[in-house]
Amino acid sequence: MQQIINFLIRNKNFLLFLLLLFFSLILTIQSHTYHKSKFISSTNFLSGGVYGWRYSISTYFGLRNKNTRLLEENERLRNYISTFSIDTSSVKFLDTLSFRKPFSFTKGNVYKNDYSKTDNYILINKGENDGIEPDMGVITDKGIIGIVENTSKNYSRVLSILNSNSKINAGLKKSNQYGSLVWNGKDPNIVQLETVPRQAILKQGDTIITNGRSTIFPKGIGIGTILSYELDKSQSYYLIDVKLFNDMTDIGFIYAIKSSDATEIKEIENPEN
């Protein structure tokens, strides 16, 4: 103990310098948007490498469960494709370029997933080099998990739906009634759907989906089912507890969604910008 005290006394000037340098860097990052953005990008890069190493080990021991989920998704996709019937005898020429995709999907993996805080984030192993940009939606085979907030060359930080700043348009699958999906910071597998008008006909177990009223998520992406509901204090809107399809404590494979219409829609909505 005495040696530690002697060390601190001998190096007090140098230690004071390091402490002041640390605080000055924090103040610079917090007060300047550019520095803050660069700091987050650098953090994404460094933490991505560390979590990538840990992810490789944990993935090896979880292959059975992940492969089962992939097989289930492939089965659903095959069943969906089989519902389309094309009379090939009447098809003379198929120009694949004439088919315009409003959304494209980029697969990736989760390297870090927070779910125990009030403001949680997810780190994925796809970034600018893979075409990932801020404001892209992120989903799994079961449903939505968040929106890309910040990117580096090879990694992206996703604003989880388990975040006090998250607000996503969502609605009832069986009608056009919709509201805002938020999280009260309690159960990581239960979120809240606010501002659904009292005229809506609700039933426990009804499915909640994305309603397509933004350029982030296409319409019809699964979110969860109604667990319970009640009118708010104004008696004008419902506050609905939604049980998520995803287990937010166990997320592996993801898909980032890019809207081909996002730029055009933003330009027409904000002509002055």
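A few points on the structure. (Residues numbered from 1 in each chain as written. Predicted model: local features only at pLDDT ≥ 70, side-chain atom pairs only at ≥ 80, totals over all residues. Heavy atoms only, no water.)

**Here we look at the packing of aromatic side chains**
Summed over the entire model, instances satisfying the criterion amount to two aromatic pairs. Ring geometry for Tyr229 versus Tyr238: centroids 5.7 Å apart, planes at 90 degrees, classification edge-to-face. Its relative accessible area of 36% is what places Tyr229 among the partly exposed residues. When its relative accessible area of 16% is taken as the criterion, Tyr238 is described as buried. The lysine or arginine in question, Arg157, covers the ring of Tyr121, its NZ or CZ lying 4.0 Å from the ring centre. (Phe/Tyr/Trp six-rings, centres within 6.5 Å; stacked < 30°, edge-to-face > 60°. Buried < 20%, exposed > 50% of the residue type's maximum accessible area, 1.4 Å probe, protein only. Lys NZ or Arg CZ within 6 Å of the ring centre and 35° of its normal.)

**What about the sheet that holds strand S4 (residues 144-151)?**
The strand order around the closed barrel built from six strands is S1-S2-S5-S4-S3-S12, with neighbouring strands paired in antiparallel fashion. In this sheet, neighbouring strand axes are inclined to one another by 45 degrees on average, regardless of whether the strands run parallel or antiparallel. As judged from the three bridges shared by strand S3 (residues 137-139) and S4, these two strands associate in the antiparallel manner. If you follow Ile139 over to S4, its bridge partner there is Ile144. (Pairing = 2+ DSSP bridges. Helix = DSSP H or I, 4+ residues; strand = E, 2+ residues; numbered from the N terminus. Axes fitted to C-alpha atoms, helices over the stretch in contact; angles between N-to-C directions.)

**Describing the pairing of strand S7 (residues 178-182)**
A large share of S7 lies buried, amounting to four of its five residues. With antiparallel pairing between neighbouring strands as the criterion, strand S6 (residues 168-172) and S7 make up a hairpin whose turn holds five residues. As defined by bridge partners, S7 adjoins strand S8 (residues 190-197) across three bridges and the pair is classed as antiparallel. By the bridge assignment for S8, Ser180 is matched with Glu194.

**Details of unusual backbone geometry**
Notably, Asp135 is not glycine yet its phi reads approximately 75 degrees, a positive angle. For Asp135, the position within the fold is in the loop between strand S2 (119-124) and S3. The partly exposed category is assigned to Asp135, whose relative accessible area is 44%. Here the phi dihedral of Gln235 falls at roughly 60 degrees; this positive angle occurs in a residue that is not glycine. As for its placement among the helices and strands, Gln235 is situated in the loop between strand S10 (222-231) and strand S11 (237-244).

Don't take any of this as a statement about function, it's just geometry.
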